[in-house]
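# Examining the three-dimensional arrangement
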Amino acid sequence: MGRKGAWHHLLNMIIKNGYGGRVLRVDLTTRSHSVEELDPVWIKPVIGGRPANTKRLAEELNPECDPLGPENILIFGIGPLTGSLLPASAYYTVTAKSPLTGILGDSAAGGQFGAEMKLTGYDQIIITGRADSLLYCLITDSDIRFIDCPELAGTSIIQTTETIRQDHKDYAIQVAAIGQSGENQVHFAAIVSSGNRVNGRTGMGAVMGSKNLKALAVRGSRSLELAEPLAFLEETKKIESAILQHNEYPKRYALGTTMLMTDLNDIGILPTKHFQEGVCTYVDEISGQKLADTYKIKNKACFNCNLHCSRYYVVNDIQAEGPEYETLCSFTSRLGCESLPFALEMNSFLNQTGLDSISTSEVIGWIMECQEKGLISPKDLDGLHIRWGDTHTIRKAVEMIALRAGVGDKLALGATKLAQEFSEEARKLVMQVKGLDIICGDPRGIKAYGLTYAIASRGGDHLRAEPFFELTDRKDEARDRFGTEKAADRLAEEGKAALVTYSEKIALLTDALTMCKNIGLCMDILNLENASALLKAGTGIDYTPEYLHKTLGDAINRDYELNTKFGIKKEDNTLPERFQAEPLPQGPTKGSTVDIQRMVNEYYKLHNWE
Amino acid sequence: MIQVDISKCTGCHRCETACAFFHTGRINNRLARIKVMNLYETGTDGPVLCVQCEEHYCLRCPENAMGFGDQGQIIISPGNCTSCGVCEKACPIGAIEIFNKRVFVCDLCGGKPKCVEACTEGAIVYVPNAAEHPSLAAINRETKKMNPSEKRRHYLKKVESVLQNRVYAND
């Protein structure tokens, strides 16, 4: 290599203006790959992360395809600011057609994977086909290797991660892997990176398993350069101090999202016994505070974050990171369990076998309620009989799901599909929207969240909008921004369509910047103004708040159109009957139900959809 | 010198990111002179950087390209350095690594280390004019055949086991 050649090589090693500028396509059937340039015109309106992935899926996927067949497209995507100086901005999104719901599926996770993927210079990794035997891919900036790994079959996430690192003698390799559940194609299997960082929802782990892909390992050596480094530094400093000075900072630092256990219980919406109740009498025994006081040994953090809201704990002979609120609630009050050590044990088990905690809890909780009501007999389920709080049987059921052993093979399809075998009455008790099991927050006491579950393009989920504003009681602001002070009243339906229509844009923006929702959205840190300033300084592209507003709206329409192709109709945007017709029996949300149709109608009108 | 308390480290890599950015204007863990390890089996996190060891293994540079600064930091003369890799091999804890033909080792940022500023957890502390310097002789015997990444992992595990023994001794 001549002198000029050497320089050229070095310049290629720089990621200019945030984007790696390359898309990697991997075909597992032929074990081949190709590299494309990222088209700047294509990427500008979708920025990166989730909206870019959805656009790719909409353009390239045959909507009729079998989600667990070789035709399905599995996309790992990051954004221009992933792994930059911006705190809490190293999420990566995994997108595919969901085997759980049959519609748009995606799930994001933090940790370290996204930041290392950035250094490979690939903004998207698009995986198609199916390998003839279990393998993993090691992706570096200049190479992709398909490595057979029969010895990793059945191994846990951490075992897989550490084996890959040891084999290549490089402990900076980041690994996104599936565990036994993904290999067995449990429909709600997860992908897990950084040991305990979970892409949990919509069964992306099953898609990976269907492709015989045990893990995606990344190790880059390209250097990220921002368009205006000093301006970018200034913007990130503002975000950092907004986090540190936030009134929730001490609580979030100590407890992370597990603070929500008592917060939700205090307003009577903590799912208890499968959403039959909203108040849990023993909440102090299963709370984030109890966890922090008794089992937490230190804080953990995602890449470059200054909140450090994750936690590491030790209980009996188990040590692991987490749990987040959803897992904690899913395996305590939602199933009538009073044991915090049990929930911590399940957190570790679910993370290492790679299962979504919400969907796992739903299939079990639904069986519990149906068996209590006599709608399902143990005979129907191979003798399986689960009662509230029966940790022994829950543990057994979860293990059977992961292994698809015995009746676990049916449970592995998820509550919605399992319910098809049973009565109408039993089917109505599945807490799902569009086939995705609802998260741990009773919508009867948070109406805008209820609307979010109903309209969310991946099914019953809050992260598509996270309209925390309805809990703020900021009445004047509510009137100015959403036309009625009721928008800041959690029990009202008025103004919630307007609130969600705004909030879903910020949620999408957070996903495009691959930022953490807790910080970007729940702590109210990100907005169109600072996001456009960050994007402009990062990419050199002239993003403005107005442009972002418009282009995010287009992206939301794209989700809608894609799901229409998957067969979704307006009437699928609804909530389970319970939330519409059964008032909560006690507590601060007592007597409340959700008029979901009214909110969905208003929401559709605001979008000009019909 | 910079002292590390891994019991406070959350594994966020802020020190590493800041180090690379303020030295080079770019972000890449290979450009950092402090490198964070996340060991998932034990939940151990911690940055590894030059501890200014008593033995000064790296100073056996055949090109005479390495010397001390007034704070004990390693200073490299780029004119003399041929990127031969002797220092990388010599450092027992992987605190020196060559990337793109350049040697990366902590230079203390001229006395105001950016990694210390970036750490919100107090896991890394700058101690000017430190009187005592650790000996790495024992570790050196164990890590001779390892690459820098393996050395860092080995060292971090050692630090952790010392820490745990101390915790148990206090119980």
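Residues numbered from 1 in each chain as written. Chains lettered and ligands numbered in written order. Predicted model: local features only at pLDDT ≥ 70, side-chain atom pairs only at ≥ 80, totals over all residues.

## So, the overall build of chain A
Selection rule: Helix and strand assignments follow DSSP, with helices taken as H or I runs no shorter than four residues and strands as E runs no shorter than two, numbered in order from the N terminus. Note that the radius of gyration is over C-alpha atoms, with the globule rule given as 2.2 Å times the number of residues to the power 0.38. Exposure in this text rests on C-beta crowding, where 20 or more other C-beta atoms within 10 Å of a residue's own make it buried, 12 or fewer make it exposed, and counts in between make it partly exposed. The C-beta atoms are placed from the backbone. Residue pairs are scored as contacts if the distance between their C-beta atoms, which are placed from the backbone, is within 7 Å.
A count of helical and extended segments in chain A gives 26 helices and 19 strands. The C-alpha radius of gyration computed for chain A amounts to 23 Å, which stays within 12% of the reference 25 Å derived for 610 residues, consistent with globular compactness. In terms of overall dimensions, chain A has a C-alpha envelope of 80 × 60 × 50 Å along the principal axes. A buried classification covers 60% of the 610 residues belonging to chain A. Taking contacts inside chain A between residues at least 6 apart in sequence as the whole, the part at least 24 apart equals 69%.

## Description of the confidence of the model for chain B
Short version of the rule: One confidence number per residue, pLDDT, is output by the predictor and ranges from 0 to 100.
A residue-level look at chain B finds 96% of positions with pLDDT of 70 or above and a mean pLDDT of 94. Overall fold confidence (pTM) sits at 0.97, and the ipTM for the predicted complex is 0.96.

## With respect to the packing of helix 19 (residues 447-455) of chain A against helix 21 (residues 496-512) of chain A
Residue and element names in this part refer to chain A. Defined as follows: Angular values range over 0 to 180 degrees, each being the angle between N-to-C directions of two axes fitted as lines to C-alpha atoms, with helices fitted over their stretch in contact. Oblique is the label for every angle not falling under 35 degrees (roughly parallel), over 145 degrees (roughly antiparallel), or within 65 to 115 degrees (roughly perpendicular). Each helix crossing is assigned a hand: it is left-handed if the near helix lies turned anticlockwise from the far helix by less than a right angle, otherwise right-handed if that turn is clockwise. In this count, Pro and Cys sit with the nonpolar residues alongside Ala, Val, Leu, Ile, Met, Phe, Trp and Tyr, while Asp, Glu, Lys and Arg are called charged and the others, Gly among them, polar.
Where helix 19 meets helix 21, the closest approach of the two axes is 9 Å, and the angle between their N-to-C directions is 60°. When the axes of helix 19 and helix 21 are compared, the pair comes out oblique. Here helix 19 and helix 21 pass one another in a crossing that is right-handed. Here helix 19 contributes Lys-447, Ala-448, Leu-451 and Thr-452 to the contact with helix 21, which in turn contributes Lys-496, Ala-497, Leu-499 and Val-500. Broken down by class, the residue content of the contact of helix 19 with helix 21 amounts to five nonpolar, one polar and two charged.

## Overview of unusual backbone geometry
Residue A:Pro323 is bonded to the preceding A:Gly322 through a cis peptide linkage, with omega at -15°. Looking at where A:Pro323 falls in the secondary structure, it is placed in the loop between strand 17 (318-321) and helix 12 (325-330). Despite not being glycine, A:Asn17 has its phi angle at roughly 55°, a positive value. Note that A:Asn17 resides in the loop between strand 1 (14-15) and strand 2 (22-27). Here B:Leu108, not a glycine, exhibits a phi torsion of approximately 60°, which is positive. Structurally, B:Leu108 can be placed in the loop between strand 7 (102-104) and helix 3 (114-118).

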